[in-house]
Amino acid sequence: MKHPAKRILLALTAALAVTAGAAASAKEQIVIGEVSWDAARAISNVLKVVIEDKLGADVKIIAADQAAIFAAMDKGDGSIDVHPDLWIPVQADRWNKFIAPGSRETVLVNDKPYTGENALYIPGYIQDQYGVRKVSDLADPKVAKLFDMDGDGKGDFWPGAPGWNGVNTQAVRAKSYGFDKSFKSFVVSDAVMKAQLDKAFKQKKAFVLYYWTPEWLHSVYDLRKLEEPAFDGYAMDSKKDDPQYKPDGCYKMIQPNEDPDWLKKSSITCAEPDATVYVAYSKSLLKRAPKVAQFLKQVNFDTAEISQWLVAVARDKQDPHAFAKEWVKTHPDQVKTWLAGIQ
C-alpha cells in the first residue's frame, strides 16, 4: 500500500501533466494563405518562422486563391488568417470591401508596405555605353538596331510569355511610343527568355524586356528601368468606377475580348502605376492572438531584399522553409525591429 504522501505527490504530478498538456494543446494556430507566386512563398515562410520561433504559436501554410483568403479573413474563424503579399491596386476591389475605412473593416494591413513596379528594362552596360534611358528612345531606328537579335534589321523585345495579358499591353505601349515600326516582339516562355537574357549578359549584347520588381533577375543582373512619364490616370470605360479613372488619362488599355479593334483604340503613354504591397491579416487576431497581430502590423520588407530572397527560393530552388529558418537566424536585428514592444 502506497504511503498517503506518495499518493498525493503522484496525484499532483498527474495533474501538472494534464495542465501542461492542456496548455500545449491550447497553443494558438495561425493559418497563412499561400498564393501562387515565389515572393509570396518566401514571405509566408519567413512569417511562419518568426511567429513559431519568437511568438510561440503554431503556423500552418495552405494554398488558396485570393477570394478564399479574403472570405476566411473576413469571417475571422481562423480557417485562414493572413494574406502574405497583397498587391494594390490589383486587388483594389477587395481593399474597398474589407480594408478601407467605411468598408467591412474586417481585414488589417501592415504599416509599411513595399513597392512593386512593372516596366521595360535593359542591361546597364547598354545604357552606359549608348545612353538609352527612355522608352521613347526605342523609336529611334539607330537605337533599335542595337537590339536586333536575329539580323533582320529590326530590334527585338520580350513583352511576356504566351497567354500573359502583358503581351497585349506591351503591344499598345510599342504602338503609342512609336517603336512598333522598328521593333518586333518575341513571345516565348519565361524560362526561355531567362536563358536568352543570361546569354546576352555573358556576351554583353543588348536586350530589352518587360518585367517587374521584386524578382531575382534584379539581384543577379544590372537591369535598368527605361523612363516614362508618370502615370496620371486610367482612361478606359472599364475603369470608370476606379479612383484613378481620368477621362483624358495617359493609360487606355482595351483588351481583345472587349473590342476587336482593341489595338487601334488603346493608348499607353506613361508608366504603369506602381503597386503597393502589404501583409494583410484578419482583424480577429487582435483578440485571438494579439502578439501575432502586433508583429504583422510591424513587419516590413524591402523590394531589393525580396529580390535577393528569390535568388534562393526561385532561381536556386531552395526549400522555402529551410531558407527562411536560415535567414531569420542570420538577421536578428531586423527581426527585433519587427517584434519591438511585444512582451
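Residues numbered from 1 in each chain as written. Predicted model: local features only at pLDDT ≥ 70, side-chain atom pairs only at ≥ 80, totals over all residues. Heavy atoms only, no water.

1. Points about unusual backbone geometry
Our working definition: Strands here mean DSSP runs of E at least two residues long; helices mean DSSP runs of H or I at least four residues long; both are numbered from the N terminus. Buried, partly exposed and exposed residues are distinguished by accessible area as a fraction of the type maximum, computed with a 1.4 Å probe on protein chains only: under 20%, between the cut-offs, and over 50%, respectively.
Here the bond from Ile-88 into Pro-89 is cis, since omega is 20°, no more than 30 degrees from zero. Of note, the bond from Thr-213 into Pro-214 is cis; its omega dihedral lies within 30 degrees of zero at 0°. Despite not being glycine, Lys-204 shows a phi value in the positive range, around 60°. Along the chain, Lys-204 falls in the loop between α8 (190–203) and β8 (209–213). The exposed category is assigned to Lys-204, whose relative accessible area is 55%.

2. Some thoughts on the pairing of strand β12 (residues 275–282)
Rule in force here: When DSSP finds two or more bridges between two strands, those strands count as paired.
Among the eight residues that make up β12, seven are buried, leaving the element largely enclosed by the rest of the structure. Sheet topology note: the strand β3 (residues 82–88)/β12 ladder contains five bridges and is antiparallel. Following the sheet pairing, His-83 is matched in β12 by Ala-280. As judged from the three bridges shared by strand β4 (residues 107–109) and β12, these two strands associate in the antiparallel manner. The residue of β12 that forms the bridge with Val-109 is Ala-280. In terms of strand pairing, strand β5 (residues 114–123) meets β12 through three bridges, oriented antiparallel. Across the sheet, Tyr-114 pairs through a bridge with Val-277, a residue of β12.

3. Some words on the state of the cysteines
For clarity, the threshold we go by: In this description, a disulfide is simply a cysteine sulfur pair whose atoms lie within 2.5 Å.
Within this structure, the stated rule accounts for one disulfide. Cys-250 shares a disulfide with Cys-270; S-S distance 2.1 Å. With the S-S bond torsion at 75°, the cross-link from Cys-250 to Cys-270 turns out right-handed. Of this pair, Cys-250 sits in the loop between β9 (223–225) and β10 (251–252) while Cys-270 sits in the loop between β11 (267–268) and β12, placing them 20 residues apart in sequence.

4. A closer look at the pattern of salt bridges
Here is the rule: For this analysis, a salt bridge means a side-chain nitrogen from Lys or Arg found within 4 Å of a carboxyl oxygen belonging to Asp or Glu.
Summed over all chains, the structure comprises 24 salt bridges. A salt bridge links Asp-237 to Lys-240, with the shortest nitrogen-to-oxygen separation between them at 3.8 Å. The exposure class of Asp-237 is exposed, given its relative accessible area of 58%. Of the charged contacts, one joins Asp-259 and Lys-265 as a salt bridge, the two residues approaching to 2.8 Å between their closest N and O atoms.

5. Concerning the nonpolar core
Which entries qualify depends on this criterion: We define the nonpolar core as a collection of buried residues of types Ala, Val, Leu, Ile, Met, Phe, Trp, Tyr and Cys that are connected through side-chain atoms lying within 4.5 Å of one another. Residue contacts are defined here by distance: any two heavy atoms, one from each residue, within 4.5 Å place the two residues in contact.
In this structure, Leu-47, Leu-138, Leu-209, Phe-295 and Phe-301 are the most contacted members of the largest nonpolar core, which totals 78 residues. Here the element with the most residues in this core is helix α2 (residues 38–55); it accounts for nine residues. Those residues in contact with Leu-209 that sit more than four places away from it in its chain are Ala-119, Leu-120, Tyr-121, Trp-158, Met-193, Leu-197, Leu-217 and Leu-223. With 19 residues, the next largest nonpolar core counts Met-73, Phe-98, Val-107 and Tyr-278 among its residues.

6. Overview of helix α7 (residues 165–177)
Selection rule: What a helix is expected to span follows from its residue count: subtract one and scale by 1.5 Å.
The end-to-end C-alpha separation of α7 is 19 Å, in line with the 18 Å expected for 13 residues at 1.5 Å each. Those residues of α7 not exposed but buried are Gly-166, Val-167, Asn-168, Thr-169, Gln-170, Val-172, Arg-173, Ala-174 and Tyr-177. Buried positions along α7 lie against β5, β6 (155–157), β8, β10, α10 (262–265) and β11. Looking one or two residues beyond α7, the residue adopting positive phi is Gly-178, at roughly 85°.

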